[in-house]
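Commentary on secondary and tertiary structure
Residue-level listing of the chains:
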Amino acid sequence: MALAFSTKAGTLNRLQGIMKSARIAPLRTLTVADWQADQPSCLSATRESLGEGPWIVRSSCYREDNLETSNAGAYLSLPNVDAEQLATAVAQVIASYGAPLPEDEVLIQPMLGGVIRAGVAFSHDPNTCAPYRMVNWSEGCNTSAVTSGTGGRVWQQAAASTLTPPPSMAPIVAMLDELLDLFGGTPVDCEFAVTREGEEEILWLLQARPLILSSPPESSAHQAARLESIQHKMARGMQPHPFLMGRRTVYGVMPDWNPAEIVGIRPKPLALSLYRELITDAIWAYQRHNYGYRNLRSFPLMPHFFGLPYIDVRLSFNSFIPADLDDGLAGRLVDHYIDRLLAEPTLHDKVEFEIVFSCYTLDLPSRLERLAKAGFAKHERDAIAHSLRKLTNRIVHPKDGLWRSDAAKLDTLNARREQLMASTADPLARIYWLLEDAKRYGTLPFAGLARAGFVAVQMLKSLVAVGVLSPADFDAFMSSISTISGQLARDRATLDQTTFLARYGHLRPGTYDILSPRYDEAPTIYFDWNQRLPAPESVQPFALTLPQMREIVSLLEAHGLQPDPVGLFDFMQAGIELRELAKFHFTRNLSDALALMAEVGAQHGFSRDDLAYSDIGAFKELHVAAADPTEVLLRSIEQGKARYAETLRISLPPLISSPDDVWAFEWPETAPNFITQKQVTAAVVGCDARERLSGAIVCIPNADPGFDWLFAYPISGLITAWGGANSHMAIRAGELGLPSVIGAGEILYRRWSGARQLHLDCAGRRVDILS
């Protein structure tokens, strides 16, 4: 017969003498009634049964650790209590209950000595409700950082995994499995510690309670079937490919067209299908080829695993190889890039800056020395430099630079959109052509201008690397940039609501998400129109000194780069500004299309919530085919809901290097991107706490341009979970001189966004939790 959970003390008492996989320290339980009736007897009985201390005095209230609510951390526990402190400690724990019941308890146990590892473990993932064994721990004796959610490492493994856990995790997994067996399969949450006795590590169970899940857990068999499908898909994708350089691939959520930043880790089906349609299925490769890189047309960049999108990193790295580079050398480069990423996985959101060589910069010769250590001969490094120089000159040419023709396409996009929206075309035709034009005249030139923007930032960084500019000069140049986002903040301070929304109303925080309201659909969510904000400081122009100009002239000539200093800085400014402008314009097409999809859906009885599960293919089908709209949309929505239910059950690492990673992995801490050289100490708020934004460090999940409304408020700092060194928010923060941490990663973001107050030291690349 299965055991039943009781209080903290009651559960441990029932397990004592039964548990085989872990030890339980001796315990003494006092009820509130016992304590109030005879304190001296309670104290003497404790010393008789547990010795002279030190002890840990722990809460064991009937309002915690039950099947309805855990109330984790709600009540007091006091460690390292000696005999003189025991009475006071018991009284303090009881006082923390508020209005204690007579049957409420206090649990007293000896303090464990020699603890080398401690933490918490779950039989199921509290986020996905799937049967993943999860361990959150820290090395050493202090569990407070783990239990408070402010620190520690996280490892997880699927219940049916046949992989052998790491030696330090195996006993904890065995303990979880034993607890599940003893409690009849009820999901369990436990606290543990590991001590060392001689050469042996001893696992101690400190607490076991039911794990409260938001939905019923699925079976391990269902989970295993899904993970096997993903594993097989990855194994096929990691094989050599006849049309690709490189022996193998890895998958990541942040390299290149980083889906984690743009659509999120688990986008709804419509958002995912739109991102594929507009960029990652084809447009991305056309742009790279147009700019002089290898031809990867017809290769989709972003596979997904039951709805979790990833970038095929081998494919991405192939696309950064100049088209005229020898195949043998290209293949070795791709393999080197992948090996470097696997050796330094924290670079997964910085691959274009730290791993690949995708353009010529003034410090390229010194950076290429890294290849010498990897076995690339001098003539091979010279060949790489020659190809990159030729490619870069085509991009930055003062008159014929490729970015100029891309910038001109934006005018065509806007003209065609106005013509389309003024026509009598039906909503389905408008949806179709808004998206077709968004690809041809929007995302294609945007991809090119994004490449130009990257080259611009790389070139700017190289001027710092060779000593022509200082880090302060870099910040000053970035602050001199005038992007569309900066103009938004200025217009918010000066324009009336109607005029402002006519210009910016199409923006939405989730660019591809039909559930994310546009500014003009819900203006009061984003702005307080009764508050007149002060106008931001005007942009200060950046100026070079005469010695800097002369040095740049000399460097450009020596490296064979075509622009003069003025032309180079004009390109760098235009590249960064136009990237943001192109994004602003193509997202208007996308946003208008989403609004029309909502209109079409409503005509057939479907809400926006329903349509979020549909696929853009359904709307394209309705445009070209004589079909029942209700039937087509319903079928798409039902399929999307079924798939998304599976999406929510899956947890995968941000960088996948082996098919086995689908079964077990440790969540990595990333190396965030720190913007500016400034420091700030401030309270931490989420973006939905509009009344507390002023002066705060604001936490947002990704670097989507739809969050630009935040900059209409005088915030003090910014942290994003996802986003690269050259992402929209990184550029925006640099423009504003706003201390920011872009791309913290899931673990650090969870830790920092849960704090009350932080200190950001961007120059020192530190984030300190103050409270």
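For every chain, the first residue of the written sequence is number 1, and numbering continues from 1 along that sequence. For a predicted model such as this one, the threshold for reporting local features is a pLDDT of at least 70, and the threshold for listing and counting side-chain atom pairs is 80 or more; totals across whole chains, interfaces and linings nevertheless cover every residue. Side-chain descriptors were evaluated using all non-hydrogen atoms of the structure, hydrogens and water having been removed beforehand.

**Brief notes about the confidence of the model for the chain**
The criterion, for reference: For every residue, the predictor assigns a confidence score, pLDDT, that lies between 0 and 100. We count a stretch as a helix when DSSP gives it H or I for four or more residues in a row; a strand needs E for two or more, and each element gets its number in order from the N terminus.
Chain-level statistics for the chain give a pLDDT mean of 89 and a share of 95% at 70 or above. Ranking the helices and strands of the chain by mean pLDDT puts helix α9 (residues 269–280) first, with 97, and helix α5 (residues 144–147) last, with 52.

**Some thoughts on the nonpolar core**
General note: in soluble globular proteins, nonpolar side chains tend to be found buried as a group. Definition in use: In this description, a nonpolar core means a group of buried Ala, Val, Leu, Ile, Met, Phe, Trp, Tyr and Cys residues linked to one another through side-chain atoms lying within 4.5 Å. Only protein chains enter the calculation, and the probe is 1.4 Å; a residue is then buried if its accessible area is under 20% of its type maximum, exposed if over 50%, and partly exposed in between.
Formed by 118 residues in total, the largest nonpolar core has its most connected members in Phe317, Tyr512, Met572 and Met597. With 18 residues, the top contributor of residues to this core is helix α18 (residues 427–465). Counting residues in each nonpolar core, the second largest holds 49 residues, with Phe122, Val253, Val684 and Val741 among its members.

**Here we look at the state of the cysteines**
As a reminder, the rule being used: The disulfide criterion is simple: two cysteine sulfur atoms within 2.5 Å.
On inspection of all chains with the given rule, the structure shows zero disulfides. In this structure cysteine 61 is a free cysteine whose sulfur lies 17 Å from that of cysteine 42, the closest cysteine sulfur available. Its relative accessible area of 0% is what places cysteine 61 among the buried residues.

**Some thoughts on the sheet that holds strand β8 (residues 188–197)**
Picture the strands of a sheet paired through backbone hydrogen bonds; they go either parallel or antiparallel. Applicable threshold: By definition, two strands form a pair when at least two bridges between them are found by DSSP. Angular values range over 0 to 180 degrees, each being the angle between N-to-C directions of two axes fitted as lines to C-alpha atoms, with helices fitted over their stretch in contact.
If you trace the six strands from one edge of the open sheet to the other, you get β9-β8-β5-β6-β7-β15, paired in antiparallel fashion. Pairing within the sheet leaves two strands with one partner each, and these edge strands are β9 (200–210) and β15 (664–667). Adjacent strand axes in the sheet meet at a mean angle of 20°, parallel and antiparallel pairs treated alike. Across seven bridges, the pairing between strand β5 (residues 115–122) and β8 is antiparallel. Among the inter-strand pairings, phenylalanine 122 is bridged to a residue of β8, identified as aspartate 189.

**With respect to the packing of helix α23 (residues 546–559) against helix α24 (residues 565–603)**
The criterion, for reference: Roughly parallel means an angle under 35 degrees; roughly antiparallel, over 145; roughly perpendicular, 65 to 115; everything else is oblique. Note on contacts: a residue pair is in contact if any heavy atoms of the two residues lie within 4.5 Å. Think of it as three bins: nonpolar holds Ala, Val, Leu, Ile, Met, Phe, Trp, Tyr, Cys and Pro, charged holds Asp, Glu, Lys and Arg, and polar takes everything else, Gly as well.
One can describe the packing of α23 onto α24 by two numbers: an axis separation of 9 Å at closest approach and a directional angle of 90°. One way to sum up the angle between α23 and α24 is to call them roughly perpendicular. Here α23 contributes Met549, Ile552, Val553 and Leu556 to the contact with α24, which in turn contributes Pro565, Val566, Leu568 and Phe569. The class makeup of the residues in the contact of α23 with α24 is eight nonpolar, no polar and no charged.

**Describing the packing of aromatic side chains**
Rules: Pairing of aromatic side chains requires ring centres within 6.5 Å, counting the rings of Phe and Tyr and the six-membered ring of Trp. Pairs whose planes differ by under 30 degrees are stacked, by over 60 edge-to-face, and all others tilted.
This structure, assessed with the given rule, holds 25 aromatic pairs. With 6.4 Å between their ring centres and 90° between their planes, tyrosine 293 and phenylalanine 320 make a pair best called edge-to-face. Of the two residues, tyrosine 293 is situated in the loop between α10 (283–290) and β11 (304–305) and phenylalanine 320 in the loop between α11 (313–318) and α12 (327–343); the sequence distance between them amounts to 27 residues. Taken together, the ring pairs connect Phe500, Tyr504, Tyr519, Tyr526, Phe527, Trp529 and Phe584 into an aromatic cluster.

**Regarding the side chain of arginine 518**
Rules: Residues adjacent in sequence count toward polar contacts only when both atoms are side-chain atoms; beyond that, a polar contact is any pair of N or O atoms within 3.5 Å, and within protein one must be able to donate a hydrogen and the other to accept it.
Mapped onto the elements of the fold, arginine 518 is located in the loop between α21 (497–504) and α22 (523–526). On the basis of relative accessibility, which here comes to 8%, the residue arginine 518 falls in the buried class. Separated by 2.9 Å, the side chains of arginine 518 and aspartate 520 make a polar contact. A polar side-chain atom of arginine 518 sits 2.8 Å from a polar atom in the side chain of aspartate 592.

**Considering the environment of arginine 430**
Counting through the fold element by element, arginine 430 comes out in helix α18. Residue arginine 430 is classed as buried on the basis of its relative accessible area of 17%. Along the sequence, arginine 430 and proline 653 sit 223 residues apart, while their C-alpha atoms lie 39 Å from each other. Setting aside its immediate chain neighbours within four residues, arginine 430 contacts Leu420, Met421, Ser423, Ala425 and Leu596. At a separation of 2.9 Å, a polar atom in the side chain of arginine 430 contacts the main-chain carbonyl oxygen of serine 423.

**Details of the pattern of salt bridges**
Short version of the rule: For this document, the term salt bridge refers to a Lys or Arg side-chain nitrogen within 4 Å of an Asp or Glu carboxyl oxygen.
Applying the stated rule across the entire model yields 34 salt bridges. Across the salt bridge formed by aspartate 335 and arginine 247, the nearest N and O atoms sit 3.0 Å from each other. Residue aspartate 335 is located in helix α12, and its partner arginine 247 is located in the loop between α7 (220–237) and β10 (251–252); the two are separated by 88 residues in the primary sequence. The partner of lysine 439 in a salt bridge is glutamate 277, with the nearest N and O atoms 2.8 Å apart. In this pair, lysine 439 is assigned in helix α18 and glutamate 277 in helix α9, connecting sequence segments 162 residues apart. Here glutamate 277 falls in the buried class, since its relative accessible area comes to 17%. One connected set of salt bridges, linked through shared partners, spans Arg117, Glu139, Arg153, Arg196, Glu201 and Glu666.

**Quick notes on the pairing of strand β7 (residues 153–158)**
Where burial is concerned, most of β7 is hidden: five out of the six residues are buried. As paired strands, strand β6 (residues 132–139) and β7 are joined by six bridges and run antiparallel to one another. Paired with methionine 134 across the strands is glutamine 156, a residue of β7. Where β7 lies against β15, four bridges are found, and the strand directions are antiparallel. Counted as the bridge partner of tryptophan 155 is glutamate 666 from β15.

**Section: the sheet that holds strand β18 (residues 697–700)**
Within the open sheet, the seven strands sit side by side as β16-β20-β19-β18-β17-β21-β22. Their pairing is mixed. Whereas interior strands pair on both sides, the edge strands pair on one side only; in this sheet they are β16 (673–675) and β22 (766–769). When strand polarity is set aside, the average angle formed by the axes of neighbouring strands in this sheet is 30°. With three bridges joining them, strand β17 (residues 679–686) and β18 adopt parallel strand pairing. Paired with valine 684 across the bridge in β18 is isoleucine 697.

**Details of unusual backbone geometry**
At cysteine 129, a position not held by glycine, the phi torsion is positive, near 60°. Considering the arrangement of structural elements, one finds cysteine 129 in the loop between β5 and β6. Classification of cysteine 129 as buried rests on a relative accessible area of 2%. Here aspartate 256, not a glycine, exhibits a phi torsion of approximately 60°, which is positive.

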